[in-house]
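# An overview of the molecular structure
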Amino acid sequence: VGTQRSVPLSVWRMLGFCMDQTVGNDAFYDALPRVKSFERLADPASYTPLPEDWVIGTADIVGSTEEVAAGRYKTVNMVGAAVISSQINASGGEVFPYVFGGDGACFACAPHLAVNSARVLGIVKRWADEEFGLELRAAQVPVTDIRRSGHDVSVARFQASSGVDYGMFSGGGVSWADRQMKRGAFALPPAPPGAQPDLTGLSCRWNHAPARNGVILSIVIEPGSAVSRDSFAAVTGQVVELAQKLHRGGHPLPPNGPGVSWPPPGLTLEAHVSRGAQSLTRRRVALLFENLIAWFFFRTGIIAGAFDPNHYARMVSNNADYRKFDDGLKMTLDCDQDTVRAIKSLLDKAREDGIVQFGLFEQDEAMMTCFVPSATQDNHIHLVDGASGGYTQAAARIKLQAD
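Here's a quick rundown of the structure. (Residues numbered from 1 in each chain as written. Predicted model: local features only at pLDDT ≥ 70, side-chain atom pairs only at ≥ 80, totals over all residues. Heavy atoms only, no water.)

Within helix 9 (residues 267–274), six of the eight residues are buried, leaving the element largely enclosed by the surrounding structure. Burial in helix 9 covers these residues: L267, L269, E270, A271, H272 and V273. The inward-facing, buried residues of helix 9 contact helix 4 (73–90), helix 5 (114–132), strand 9 (202–203) and helix 10 (280–300). Once helix 9 ends, the next one or two residues include G276, with phi positive near 60°. (Buried < 20%, exposed > 50% of the residue type's maximum accessible area, 1.4 Å probe, protein only. Helix = DSSP H or I, 4+ residues; strand = E, 2+ residues; numbered from the N terminus. Contact = heavy atoms within 4.5 Å.)

Here is the structure:
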């Protein structure tokens, strides 16, 4: 424990943290109970239908499997996370449910935010193309259209820690919206050239987290065609039970976070994200200095004002978004080989019975993409994926099996 001292606001902003963001609440979403047991989220009864006038926003990168194969998995993750962070920054402090999918994201949007939300999706679409040469599909689908299609959208709030909760989806409607987007329906156009999203707080400064139990396992499970919700819930519940038997429930990050180094591994990528109108070189130099200061605090453990780096690092692990329901189940687990075999055996049988489609992908490390609205509060968000493009690779295996 170091010396208590005050750090000027300018220093926190220099470190890439936004210190004055407040969190407001939508009446519907704020009223939802926070579910503290992840196992309960396998049960459809844990979810509440979205109001009729809400919309679903969805986006993903075209050709993400090829981009990951070419080694751009960290860029793919960053653009997927940018979909979420840009919406949070544009929401005026209102909270809303979202799910990070590795190469994209989906979220639900209250009606009074829908027009601005669509505008921001168009901006991120333009930015992804101009900054990284990636084609981002984006769509906004009314809940009324989803229900007319015979599907539904229900939502729950999973209390990952005392600091954050994450939205979860059930009912098949989000997956239907994603399929419609990929067919070109409900498409949103890109913003005019040069448009820049507000990505304040988006970063990738932490080290990768090596597997400690044997392998980092990326799991993507989707319901089979015409399967009952209860049958699918039973299988996903069994997978969650197997994961719970792992050390720390298969959590892929160490209890005190994955650690930092200088220079950080994602320096150039963060420079792309945060440079705005600056040159890439100028922004890289600025980030080197900013990250040196951050590295110093984490290395020494010095408490600076309201910022305790040791507490912050623990909350990184507590807040990690490494498991989620989005009409299916996605998990990034630190897994031993016995559990890998047990999960695969269970899912193979469920696939034979027509209950699920699934993809598994093994790699050596997990990685994070982060959104930090405040360095002194516990509401920072850490989106976890396998460090070799885990969710994208696992989803690609589902497609291969279907073909």
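Now for the sheet that holds strand 14 (residues 329–335). Pairing within the open sheet is antiparallel, and its four strands lie in the order 13-14-11-15. Looking along the sheet, the strands with just one partner apiece sit at the ends: strand 13 (323–325) and strand 15 (356–363). The sheet shows a mean angle of 15° between the axes of neighbouring strands, taken without regard to direction. One ladder, built from three bridges, connects strand 13 with strand 14; its direction is antiparallel. When the bridges of strand 14 are listed, R323 appears paired with M331. Helix-sheet contacts for helix 8 (residues 229–244) involve strand 11 (215–223), strand 13, strand 14 and strand 15, and the interaxial angle to strand 14 is about 20°. Against the sheet, helix 12 (residues 337–352) engages strand 11, strand 14 and strand 15, with an angle of about 160° to strand 15. (Pairing = 2+ DSSP bridges. Axes fitted to C-alpha atoms, helices over the stretch in contact; angles between N-to-C directions.)

Quick look at the packing of aromatic side chains now. All chains considered together, the criterion is met by 15 aromatic pairs. When the centroid spacing of 6.3 Å and the interplanar angle of 85° are considered together, the rings of Y98 and Y166 count as edge-to-face. Of this pair, Y98 sits in strand 4 (residues 98–100) while Y166 is found in strand 8 (residues 165–170), placing the two residues 68 residues apart along the sequence. In this structure Y166 comes out as buried when scored by relative accessible area, which is 2%. Among the aromatic residues, ring-to-ring pairing joins W206, F296, F297, F298, F307 and Y312 into one connected group. For R157, the ring lying beneath its charged end belongs to Y29, and the centroid distance is 4.2 Å. (Phe/Tyr/Trp six-rings, centres within 6.5 Å; stacked < 30°, edge-to-face > 60°. Lys NZ or Arg CZ within 6 Å of the ring centre and 35° of its normal.)

The subject of this paragraph is the sheet that holds strand 3 (residues 55–61). Here four strands make up an open sheet; going across it, the order is 4-5-3-6 and the pairing antiparallel. Since the sheet does not close on itself, it has two edges, and those belong to strand 4 and strand 6 (136–142), each with one partner. Mean inter-strand twist for the sheet, computed between neighbouring axes without regard to direction, equals 10°. Sheet analysis places strand 3 next to strand 6, joined by seven bridges and oriented antiparallel. Within the sheet, the bridge partner assigned to I56 lies in strand 6 and is V141. Set on the sheet, helix 5 makes contact with strand 3, strand 5 (104–109) and strand 6; between it and strand 6 the angle comes to about 170°. The sheet contacts of helix 7 (residues 173–182) involve strand 3, strand 5 and strand 6, and relative to strand 3 the element is tilted by about 55°.

The next subject is the pattern of salt bridges. This structure, assessed with the given rule, holds 21 salt bridges. Across the pair D348 and K344 runs a salt bridge whose closest N-O atoms are separated by 2.9 Å. Placement of the pair is D348 and K344 together in helix 12, with a separation of four residues, close to one helical turn. With a closest N to O distance of 3.1 Å, D348 and R351 form a salt bridge. (Salt bridge = Lys/Arg side-chain N within 4 Å of Asp/Glu carboxyl O.)

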